[in-house]
Amino acid sequence: MESSTPSEEGLLERICRRDRERKNIIEKRKEEKQQLIVESEQLSYFKNIFYSRCKTIKDWLDSTESVPDSKLSKIFDNVQSEIIILKTYLFDSKIFLKAYDLRRAQDTLQILENDATQLETKLIPRKKFGFKNRRVFNTSVQSSDVTDDLKDLKIAESIATNGVGKQNNKQICNRYGDNTCMLLGKVDEKLVLDAENVNKNDVLLSDLKRCTVRVYGTPNTLHMVSLVQCTVLIGPVTTSVLVDNCHDSQFAFACQQLRLHTSTNCTIYLHITSRAIIEDSTKIFVAPYNWTYEDQMNHFKLAGLNPKINNWNSIDDFNWLTKEKISPNWSVLEPDKRVKSWD
Amino acid sequence: MGLLTILKKLKRKEKEMRILMLGLDNAGKTTIVKRLIGDPIDTISPTLGFNIKTLDHNGYKLNVWDVGGQKSLRTYWRNYFESTDGLIWVVDSADRRRLEDCKEEMHKLLQEERLEGATLLIFANKQDLPGAVPTKDIATILDLESIKTHHWKIYKASAITAENLLEGINWITNDISKRIFYKN
């Protein structure tokens, strides 16, 4: 008995202490919770802002009936951007909203958005664009002509093939301005471009068959599209060479970058200061640039290319991304197969 | 200003923006990024995959994702859409041959649900070249007027002369901050 009294007291004390601690913890949690509640994260605050802004949008939409046409598009632009802002706001508030409130807000926004699009199609009919197009079309000459033609092309889905051909020719003529040197659609010809024509300009070679082209000078960019069985010799190109859809041809050029797409069986005598990439191409052979002409060193300087840096034999293939094995789509042309003299 | 606190909390690292740089190959995306951060621009190679650069600009931290534009990479563009605040579309103004392609690819992007609400900045790049199509015409060809789903603006630009690069970045950061850091 004697020994039980102190332990009983101890028990009581312990129970009391535990109870105090427990209450303390509860109190503490309460406080923490209180601190966490930010005014702006309360439902009422959100509702207040969100629905008052919805009301503003609604008012704008209602006002469209009485506003002059010229101001309509401005209003609709405002409505659009306001809706986007609200969407973001709603999305960001997701964490503290209850499912029901979230859904209600979403529905409200959806209805507004639908109303806006309906009103917009009703009040600003697409006609406006059509009219604009036609006007531009009639005044011709303008360069915007090109796309407008294209648009018309696409809208009218049933076009005869020869019609398309005509359109294409017209497009090419329209699209390439005075500052582009072009050689288009030649067969079995020997063609030469001089420095005064090409220096600092873009050069386009397109749809050539069995032609030999020599370009003495430094184009800014060189485009070669749809060449078959051609030999093309070019001076140093300041920026990139873009090759697309070329077959059974050989090229010699110096450049900063080369991007070669959908081509087969081409040999490139290359001087490249940065990197070359190929994509969707096979049977590509490379060798160092070996075409020379009188003014070439000056042209290297003019193009800003370093004649001493040449990465001709490191090519990246977008269809072959493993590093362990070299791409089967390109290889170095064996020295005895290389062209020794271009004359 | 209650919203500000929420958004800041959400953005954790405050005033951070994610900018996605896209465009056809050879448009000059990498060159623009390198120009902005002051790296040399004469040894740039075609981008295999992507580069990420961080820019500190007007107190904002811009994470710029520069993704390659080759055809085979375009299918991977969508992997970068998530939580993009701003989109920079780079156009090679001198490449008349592919402006129509450029328009199609851009409008395809704007349909993307995950890019909804992202601010769109268009750089009509390479305007230093004599053969460049004027910016106004590029806006017509790309049919920018029809874009209602995004805030957009086009700038006449050149990565070589650095013309308008900063102005463009200023505009896009301003527009984004108005949206996500919400000022009344």
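Quick caveat, the model's predicted, so the values are computed rather than measured.

So, how was this worked out
Residues numbered from 1 in each chain as written. Chains lettered and ligands numbered in written order. Predicted model: local features only at pLDDT ≥ 70, side-chain atom pairs only at ≥ 80, totals over all residues. Heavy atoms only, no water. 1 Å grid on protein atoms, 1.4 Å probe; cavity = no way out; pocket = protein on both sides within 12 Å on 5 of 7 lines; lining within 4 Å. Points joined across faces, edges and corners; volume = space filled by probe spheres on them. Helix = DSSP H or I, 4+ residues; strand = E, 2+ residues; numbered from the N terminus. Buried < 20%, exposed > 50% of the residue type's maximum accessible area, 1.4 Å probe, protein only. Pairing = 2+ DSSP bridges. Axes fitted to C-alpha atoms, helices over the stretch in contact; angles between N-to-C directions. Parallel < 35°, antiparallel > 145°, perpendicular 65-115°, else oblique. Contact = heavy atoms within 4.5 Å. Nonpolar A, V, L, I, M, F, W, Y, C, P; charged D, E, K, R; others polar. Left-handed = near helix turned anticlockwise from the far one by under 90°. UniProt positions renumbered as here; feature names shortened; annotations may be inferred. Polar contact = N/O pair within 3.5 Å; in protein donor to acceptor, adjacent residues only side chain to side chain. Phe/Tyr/Trp six-rings, centres within 6.5 Å; stacked < 30°, edge-to-face > 60°. Lys NZ or Arg CZ within 6 Å of the ring centre and 35° of its normal.

1. A short note on empty space enclosed by the protein
All names here are of chain B.
Next up, step 1: In this structure the tally under the stated criterion is 3 cavities of 30 Å³ or more.
Next up, step 2: For the largest cavity, the calculated volume is near 60 Å³.
Next up, step 3: Forming the boundary of the largest cavity are Leu-24, Asp-25, Asn-26, Ala-27, Val-90, Val-91, Asp-92, Asp-95, Arg-98, Leu-99 and Cys-102.
Next up, step 4: For the lining of the largest cavity, the elements supplying multiple residues, two or more each, are β4 (86-92) and α4 (99-110).
Next up, step 5: Top element by residues in the lining of the largest cavity is β4. It accounts for 3 residues.

2. Section: the pairing of strand β1 (residues 16-22) of chain B
Residues and elements named next belong to chain B.
Next up, step 1: In terms of burial, β1 is largely enclosed, as 7 of its 7 residues are buried.
Next up, step 2: Side chains Glu-16, Arg-18, Leu-20 and Leu-22 of β1 all project onto a buried face; the interleaved residues Met-17, Ile-19 and Met-21 project onto the opposite face, where all are buried too.
Next up, step 3: Note that β1 and strand β3 (residues 60-67) share 6 bridges and pair parallel. Across the sheet, residue Glu-16 finds its bridge partner in β3, namely Lys-61.

3. Quick look at the packing of helix α2 (residues 29-37) of chain B against helix α6 (residues 165-180) of chain B
Residue and element names in this part refer to chain B.
Next up, step 1: Where α2 contacts α6, the two axes come as close as 11 Å, and the packing angle between them is 90°. Put simply, α2 runs roughly perpendicular to α6. Contacts between α2 and α6 pair Ile-32, Arg-35 and Leu-36 from the former with Leu-165, Leu-166 and Ile-169 from the latter.
Next up, step 2: When the residues that make up the contact of α2 with α6 are grouped by side-chain class, the tally is 5 nonpolar, no polar and 1 charged.

4. Looking at the sheet that holds strand β2 (residues 50-57) of chain B
Residue and element names in this part refer to chain B.
Next up, step 1: Sheet architecture is open: 6 strands sit in the order β2-β3-β1-β4-β5-β6, paired in mixed fashion. Of all the strands in the sheet, just β2 and β6 (152-156) have a single pairing partner and so form its edges. Strand-to-strand, the axes of this sheet are offset by a mean angle of 20°, without reference to chain direction.
Next up, step 2: As paired elements, strand β5 (residues 119-125) and β6 share 5 bridges and run parallel to each other. Across the sheet, the residue bridging to Ala-124 is Lys-156, located in β6.

5. Here's the deal with the layout of surface pockets
Next up, step 1: The space that makes up the second largest pocket amounts to roughly 810 Å³.
Next up, step 2: Forming the walls of the second largest pocket are 40 residues, and the residues nearest its centre are Thr238(A), Thr239(A), Gln256(A), Ile41(B) and Ile160(B).
Next up, step 3: Of all elements in the fold, only β9 (257-261) of chain A together with α2 of chain B reach the threshold of two or more residues within the lining of the second largest pocket.
Next up, step 4: In terms of residue count, the dominant contributor to the lining of the second largest pocket is α2(B) (3 residues).
Next up, step 5: Looking at side-chain class alone, the lining of the second largest pocket contains 11 nonpolar, 21 polar and 8 charged residues.

6. Thoughts on the packing of helix α3 (residues 69-93) of chain A against helix α4 (residues 99-123) of chain A
A packed helix pair is summarised by two numbers, namely the angle formed by the two axes and the spacing between the axes.
Residues and elements named next belong to chain A.
Next up, step 1: Relative orientation of the contacting elements α3 and α4 amounts to 165°, with a least axis distance of 11 Å. Viewed along their axes, α3 and α4 adopt a mutual orientation that is roughly antiparallel. The handedness of the crossing between α3 and α4 is left-handed. Contacts between α3 and α4 involve Leu-72, Phe-76, Val-79, Gln-80, Ile-83, Leu-86, Lys-87 and Leu-90 on the former and, on the latter, Leu-102, Ala-105, Gln-106, Leu-109, Leu-112, Glu-113, Ala-116, Leu-119, Glu-120 and Leu-123.
Next up, step 2: When the residues that make up the contact of α3 with α4 are grouped by side-chain class, the tally is 13 nonpolar, 2 polar and 3 charged.

7. Observations regarding the UniProt feature "binding site: Mg(2+)" (unreviewed entry) in chain B
Next up, step 1: According to UniProt, the "binding site: Mg(2+)" (unreviewed entry) feature falls on Thr30(B) and Thr47(B). Over a stretch of 18 residues, the named residues converge on one spot in the fold, their C-alpha atoms separated by at most 7.5 Å. Checking the annotated residues one by one, the ones that line the second largest pocket turn out to be Thr30(B) and Thr47(B).
Next up, step 2: Along the chain, the position of Thr30(B) falls in helix α2.
Next up, step 3: Not counting the four nearest positions on each side in its chain, Thr30(B) is found in contact with Ile44(B), Thr47(B), Asn51(B) and Asp66(B).
Next up, step 4: Tracing the chain through its elements places Thr47(B) in the loop between α2 and β2.
Next up, step 5: Those residues within four positions of Thr47(B) in sequence are excluded, and the remaining contacts are Phe318(A), Thr30(B), Asp66(B), Gly68(B) and Leu73(B).
Next up, step 6: A polar contact of 2.8 Å, which involves the side chain of Thr47(B), links it to the side chain of Thr30(B).

8. Notes on the packing of aromatic side chains
Next up, step 1: Tallying each qualifying case throughout the model produces 13 aromatic pairs over all chains.
Next up, step 2: Residues Phe50(A) and Tyr51(A) carry aromatic rings whose centres are separated by 5.2 Å and whose planes lie at 85° to one another, so their mutual orientation is edge-to-face.
Next up, step 3: A centroid spacing of 5.6 Å and a plane angle of 25° characterise the contact between Phe50(B) and Trp65(B), whose relative ring orientation is stacked. On the criterion of sequence distance, the pair formed by Phe50(B) in strand β2 and Trp65(B) in strand β3 is long-range, its members being 15 residues apart.
Next up, step 4: Among the residues examined, Trp65(B) registers a relative accessible area of 18% and is labelled buried.
Next up, step 5: Among the aromatic side chains, those forming a connected cluster through ring pairs are Phe46(A), Phe50(A), Tyr51(A), Tyr89(A) and Phe96(A).
Next up, step 6: The residue whose ring lies beneath Arg18(B) is Trp65(B), and the NZ or CZ to ring-centre distance is 4.4 Å.

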